[in-house]
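Geometric and topological summary
The chain contents come next:
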Amino acid sequence: MTVACATTAFSKLPLEAALAGVHDLGFTRVDLLAVEGWAHLMPSDLVRNYDTAVARVDSALRANHLSLAAINVGFTPALHDRSNEAIVMRCNQTRALVRFMLQHHITVAALQPRERDHSRPFETVLADSAESLKEIVDIAEGTGVTFALECHSGSVAESLITALELLHMVPGLKVDYDPSHLVMHEVELEDSEPLLSKAAIIHLRDSAPGKMQTAFGEGIIDFDWLLKRSKAMRFHGDVVVEYLDGEGQEDVKPDILATRHKIEQYFPG
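Presented here is an overview of the structure given in this document. (Residues numbered from 1 in each chain as written. Predicted model: local features only at pLDDT ≥ 70, side-chain atom pairs only at ≥ 80, totals over all residues. Heavy atoms only, no water.)

Brief notes about the environment of arginine 95
The residue arginine 95 is located in helix H4 (residues 84-103) in this model. The class for arginine 95 is partly exposed, based on a relative accessible area of 46%. Along the sequence, arginine 95 and valine 47 sit 48 residues apart, while their C-alpha atoms lie 8.6 Å from each other. (Helix = DSSP H or I, 4+ residues; strand = E, 2+ residues; numbered from the N terminus. Buried < 20%, exposed > 50% of the residue type's maximum accessible area, 1.4 Å probe, protein only.)

As for the side chain of aspartate 245
Residue position: aspartate 245 is located in the loop between strand E9 (238-241) and helix H10 (253-266). Buried and unpaired, aspartate 245 has no salt bridge, with lysine 12 as the nearest side chain of opposite charge at 5.2 Å. In this structure the side chain of aspartate 245 is engaged in a polar contact, spanning 3.0 Å, whose partner is the backbone nitrogen of lysine 12. Residues contacting aspartate 245, with those up to four places away along its chain left out, are Thr8, Ala9, Phe10, Ser11 and Lys12. (Lys, Arg positive; Asp, Glu negative; His and termini not counted. Salt bridge = Lys/Arg side-chain N within 4 Å of Asp/Glu carboxyl O. Polar contact = N/O pair within 3.5 Å; in protein donor to acceptor, adjacent residues only side chain to side chain. Contact = heavy atoms within 4.5 Å.)

Things to note about the pairing of strand E7 (residues 174-177)
Taken together, the 3 bridges between strand E6 (residues 146-150) and E7 define a ladder with parallel strand orientation. Counterpart to glutamate 150 in the pairing with E7 is aspartate 176. Once you follow E6 into helix H6 (residues 160-169) and on to E7, the crossover reads as right-handed. Pairing between E7 and strand E8 (residues 199-204): 3 bridges, direction parallel. Each residue of the ladder has a partner; that of aspartate 176, found in E8, is isoleucine 201. (Pairing = 2+ DSSP bridges. Right-handed = clockwise from strand over helix to strand, strands pointing away.)

Quick word on the packing of aromatic side chains
Counted under the stated rule, the structure contains 1 aromatic pair. When the ring centre of tyrosine 50 is taken as origin, the NZ or CZ atom of arginine 99, which lies over that ring, is 3.7 Å away. Of note, arginine 260 hangs over the ring of phenylalanine 27, and the distance from its end group to the ring centre comes to 4.3 Å. (Phe/Tyr/Trp six-rings, centres within 6.5 Å; stacked < 30°, edge-to-face > 60°. Lys NZ or Arg CZ within 6 Å of the ring centre and 35° of its normal.)

What about unusual backbone geometry?
Even without being glycine, histidine 40 reaches a positive phi, approximately 80 degrees. The residue histidine 40 is located in strand E3 (residues 39-40) in this model. A residue is classified by how much of its surface remains accessible, and histidine 40, at 11% relative accessible area, is buried. Its identity as a non-glycine residue notwithstanding, histidine 105 has a phi of 60 degrees, on the positive side. Within the element layout of this structure, histidine 105 appears in the loop between H4 and strand E5 (108-111).

Observations concerning the pattern of salt bridges
Tallied over the entire structure, the rule returns 10 salt bridges. The partner of arginine 56 in a salt bridge is glutamate 16, with the nearest N and O atoms 2.8 Å apart. Within this pair, whereas arginine 56 is found in helix H3 (residues 50-63), its partner glutamate 16 is found in helix H1 (residues 15-24), the two being separated by 40 residues in sequence. On the basis of relative accessible area, glutamate 16 is assigned to the partly exposed category, the value being 35%.

Here you go:
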């Protein structure tokens, strides 16, 4: 188990500067954004020109003495899009990401479900999303790569109940346990324990009702409870400090360092 830093804290910067920022904070392991349309590594670029995209990542990692702990993935098509074009594109991007992960000896990808479709019945959107997730998990089967669903606010997996239902519908799917999305919707942290028990990776930042992110110590995340429970469950995955640079805070570096210090009280590495 290692404590890594997510490049979400530097999403407004290009890849090279983002990795330099992670290095300057004293981390040696990084969780790389690979969410289409956001920052740092585009799944579509891996499909379009794999060697060029990977060479850029590798060069930036070497320059900053970093290695990858995990990646944070979001495909071009939404999970609920079951058009033939979307299926082919999503599967091609999945294969390229699995190849990238195997090349870099990383085993877990946090999976962003993206925004849900509000124009159709929720049950239909849920079923279509599950079919896409099954295809993603099937592509990774036998490779040692695990996809871990983030129960992201605004997505089909937003609620505790539907997240657990998706896990039941898609054997082999795991969880990226990020309690901030639940806490902001006033879900009690203790009630999220069923998700924590299915976690392949943990992403942490402080948050509060109505706020996905606060400065460390200003939210209501009980880090001591969470980390004690993780240790009691013998969690062996990586823990990622994941603050965002677009949530109203001028400088999240002190929050990153404070969160890492708290994690290392329970998981010294």
